[in-house]
Amino acid sequence: MLYRDNNTIYNAKSMGDLTLMLYQTSRARQPNQTLESWMLGYSDRAEALLGITIDCHTPDRFAEHLVTLGLLNPLH
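Not measured: the values here are computed from a predicted model. (Residues numbered from 1 in each chain as written. Predicted model: local features only at pLDDT ≥ 70, side-chain atom pairs only at ≥ 80, totals over all residues. Heavy atoms only, no water.)

Tracing the backbone shows A12 in the loop between strand 2 (8–11) and helix 1 (15–25). Among all residues touching A12, those that are not within four sequence positions of it are M1, D17, L18 and M21. (Helix = DSSP H or I, 4+ residues; strand = E, 2+ residues; numbered from the N terminus. Contact = heavy atoms within 4.5 Å.)

As structure tokens, this is what we get:
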């Protein structure tokens, strides 16, 4: 399925794949940063900047929550 955030379109087979794609293309990712710490950092930034909380317990839930919150938009 296709998803869009700002100017990037992602073609992901699953929510976990979508999270991995976001992690791999993130400009906020630090060298040697794990996926888990990146998700936590993303969640912390979203809470500080937007006042929202993102579930980052699993990569699947992380992407699902981004879609639910409207931060990622499915393209049909």
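Bringing the packing of aromatic side chains into the picture now. Aromatic ring pairs are defined here through the distance separating the ring centres and the angle between the ring planes. Per the stated rule, a full pass over the model turns up 4 aromatic pairs. Feature note: the residues Y23, W38, Y42 and F62 constitute an aromatic cluster, connected by ring pairs. Above the face of the Y23 ring, R29 is positioned so that its terminal group lies 4.9 Å from the ring centre. (Phe/Tyr/Trp six-rings, centres within 6.5 Å; stacked < 30°, edge-to-face > 60°. Lys NZ or Arg CZ within 6 Å of the ring centre and 35° of its normal.)

Under the criterion given, the structure shown has 2 salt bridges. Residue R61 is joined to E64 by a salt bridge in which the shortest nitrogen-to-oxygen separation is 3.0 Å. Of this pair, R61 and E64 both sit in helix 3 (residues 59–69), 3 residues apart, roughly one helical turn. Residue E64 is classed as partly exposed on the basis of its relative accessible area, which comes to 31%. One connected set of salt bridges, linked through shared partners, spans D55, R61 and E64. (Salt bridge = Lys/Arg side-chain N within 4 Å of Asp/Glu carboxyl O. Buried < 20%, exposed > 50% of the residue type's maximum accessible area, 1.4 Å probe, protein only.)

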